[in-house]
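# Structural description and commentary
If you want the building blocks of each chain, they are given just below.
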Amino acid sequence: MIQTEAIVLHGFDYRETSRIVRLATREAGVVSVIARGAKRPRSRFGQGLDLFTSGIAQLTLHPARDLHLLTAFDATRSRPALAESLARFNAASALGELCMRFGPEDEGGAIHDALAAGLDAIGSATDPEVPERTVAAAWRLVTELGFAPALEECASCHRALASDEPVRFAHRAGGALCRLCAALAPGARALPPDARATLITWSRGGTAALTDLPTVRAHQRLLREFVEEHLADGRALRAWVSWEQGDP
Ligand SMILES: [Zn+2]
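Residues numbered from 1 in each chain as written. Predicted model: local features only at pLDDT ≥ 70, side-chain atom pairs only at ≥ 80, totals over all residues. Heavy atoms only, no water.

## So, the coordination of the zinc ion
Quick reminder of the rule: Only nitrogen, oxygen and sulfur atoms count as donors, using a 2.8 Å cut-off from the metal that widens to 3.2 Å for Na, K and Ca. Water is left out, so coordination shells may look unfilled. Any site counts as irregular unless it has four donors with all angles between 85 and 135 degrees, making it tetrahedral, or four or six donors with opposite ones more than 155 degrees apart and the rest between 65 and 115, making it square planar or octahedral. Note on conventions: DSSP H or I runs of at least 4 residues are helices, E runs of at least 2 residues are strands, and numbering of each starts at the N terminus. Partly exposed residues are those whose accessible area sits between 20% and 50% of the maximum for their type, while under 20% is buried and over 50% is exposed, using a 1.4 Å probe and protein chains only.
In this structure, C154 (SG), C157 (SG), C178 (SG) and C181 (SG) serve as the protein donors to the zinc ion, at separations of 2.3 to 2.4 Å. Considering all four donor atoms around the zinc ion, the spread of angles at the metal, 102 to 116 degrees, places the coordination shape in the tetrahedral class. Ordering the donors of the zinc ion by residue number gives the pattern C-x2-C-x20-C-x2-C. Of the two residues, C154 sits in the loop between α3 (130-147) and β6 (167-170) while C181 sits in helix α4 (residues 179-182), which places them 27 residues apart along the sequence. You'll find C154 and C181 in the same group, each marked buried.

Right, dumping it as structure tokens:
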């Protein structure tokens, strides 16, 4: 049995009294667990298994199985603000989907911690601030997943890029390309210096306070394309598509 910090990413009822829940844990990555009796009136899980709630989970791991046993979950932080607007809920769901699809391993708990910080940033945002905070949190998650894009040196020849240098962004190459290398990479997107500076800020865990809608939309698209190139397994990122198409 292990005890670990965890965040509820997804849940559904199972049989009469139980729930099956996906957790992003610090110690065991993203796992599916069964909470037996969670739907009983005086369940020991209480309201703790609400979506996006943080808590201390006690798990009995079954090494040979995909479904583990949740024996206790003590909520330490619920996030009701995420359900109070569709913009926040869709954004939180998009971050959760990124973890569920690509974060089965979590060495040192960095993905769990980046997710927790991202959910808190979205929960305290006004609706117009939500898209920027979500893109920022997603780039940090992508970085923690090991796919940090090259931004300060050319992804191909590794020459250092001046901060005011216009470059192109090539998903397959893994980031920014200098002028010479971009000429060999058709389809790479132009990445102006200010957009590159914003990406550098985000990948370091900062925020850029961007609310200009066309700019945020362009970043949303760049991010989704990068994720699809490097992380995706051919299945659509459904929560991401809703989030990208939804109201800002
Ligand atoms: Zn180059």
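## Side note on the packing of helix α2 (residues 110-123) against α3
Helix-helix packing: each pair is described by the crossing angle between the helix axes and the interaxial distance. Selection criterion: Axis definition: a line fitted to C-alpha atoms, over the contacting stretch in the case of helices. Angles run 0 to 180 degrees between N-to-C directions. These descriptions rest on fixed angle ranges, namely under 35 degrees for roughly parallel, over 145 for roughly antiparallel, 65 to 115 for roughly perpendicular, and the rest for oblique. Any two residues whose heavy atoms approach within 4.5 Å at even a single point are treated as in contact. Residues are grouped as follows: nonpolar covers Ala, Val, Leu, Ile, Met, Phe, Trp, Tyr, Cys and Pro; charged covers Asp, Glu, Lys and Arg; every other residue, Gly included, is treated as polar.
It is the contact of α2 with α3, at a shortest axis distance of 9 Å, that shows an interaxial angle of 175 degrees. On the basis of the axis angle, α2 is roughly antiparallel to α3. Residues A110, I111, D113, A114, L115, A117, G118, A121 and I122 of α2 pack against V130, R133, T134, A137, R140, L141, E144 and L145 of α3. Taken together, the residues that form the contact of α2 with α3 break down as 11 nonpolar, two polar and four charged.

## Thoughts on the sheet that holds β6
Applied cut-off: Between any two strands, at least two bridges found by DSSP are needed for them to pair.
An order of β7-β6-β8 is seen for the three strands of this open sheet, with the pairing classed as antiparallel. Strands with a single pairing partner mark the edges of an open sheet, and in this sheet they are β7 (175-177) and β8 (189-191). Along the sheet, successive strands turn relative to each other by an average axial angle of 45 degrees, direction set aside. Against the sheet, helix α5 (residues 193-203) touches β6, β7 and β8, its axis set at about 80 degrees to β8.

## A word on the packing of aromatic side chains
Each aromatic ring pair is described using two quantities: the centre-to-centre distance and the angle formed by the ring planes. The condition is simple: Here the aromatic set is Phe, Tyr and Trp, taking the six-membered ring for Trp, and pairing holds for ring centres within 6.5 Å; pairs whose planes are under 30 degrees apart are stacked, those over 60 apart are edge-to-face, and all others are tilted.
Evaluated as defined, the whole model comprises four aromatic pairs. Aromatic pair W139 and F226: ring centres 5.2 Å apart, planes at 50 degrees, arrangement tilted. Residue W139 is found in helix α3, and its partner F226 is found in helix α6 (residues 213-230); the two are separated by 87 residues along the sequence. Summarising the burial analysis for this pair, W139 and F226 share the class buried.

## Some points on the packing of α3 against α6
For clarity, the threshold we go by: With the far helix as reference, a near helix turned anticlockwise by less than a right angle produces a left-handed crossing, and one turned clockwise produces a right-handed crossing.
Relative to each other, α3 and α6 sit at 25 degrees, their axes nearing to 10 Å. As far as their axial angle goes, α6 and α3 are roughly parallel. At the point where α3 passes α6, the crossing takes the left-handed sense. Residues P131, E132, V135, A138, W139, V142 and F147 of α3 pack against V216, H219, Q220, L222, L223, F226, V227 and H230 of α6. Split into classes, the residues belonging to the contact of α3 with α6 amount to 11 nonpolar, three polar and one charged.

## Focus: the side chain of S85
Basically, it comes down to this: For the purposes of these results, a polar contact is taken to be a pair of N or O atoms within 3.5 Å, where, inside protein, one atom must be able to donate a hydrogen and its partner to accept one; residues adjacent in sequence count only when each atom of the pair is a side-chain atom.
With respect to the helices and strands, the residue S85 is situated in the loop between β5 (67-77) and α1 (86-102). Polar contacts involving the side chain of S85 include one to the side chain of D127, which spans 3.0 Å.

## Side note on the pairing of β5
Of the pairings in the sheet, the one linking strand β3 (residues 29-35) to β5 comprises three bridges and is parallel in character. Paired with S32 across the two strands is L67, which belongs to β5. Bridge analysis of strand β4 (residues 54-60) against β5 gives seven bridges, and the strand direction is antiparallel. Its bridge partner lying in β5, I56 is registered against D74. Here β4 folds back onto β5 in antiparallel fashion, the turn holding six residues.

## Thoughts on the confidence of the model for the protein chain
The cut-off we apply is this: Per-residue confidence from the predictor is reported as pLDDT, which spans 0 to 100.
This prediction gives the protein chain a mean pLDDT of 90; 98% of its residues lie at or above 70. Across the protein chain, the element-wise mean pLDDT spans from 81 in helix α7 (residues 238-245) up to 97 in β7.

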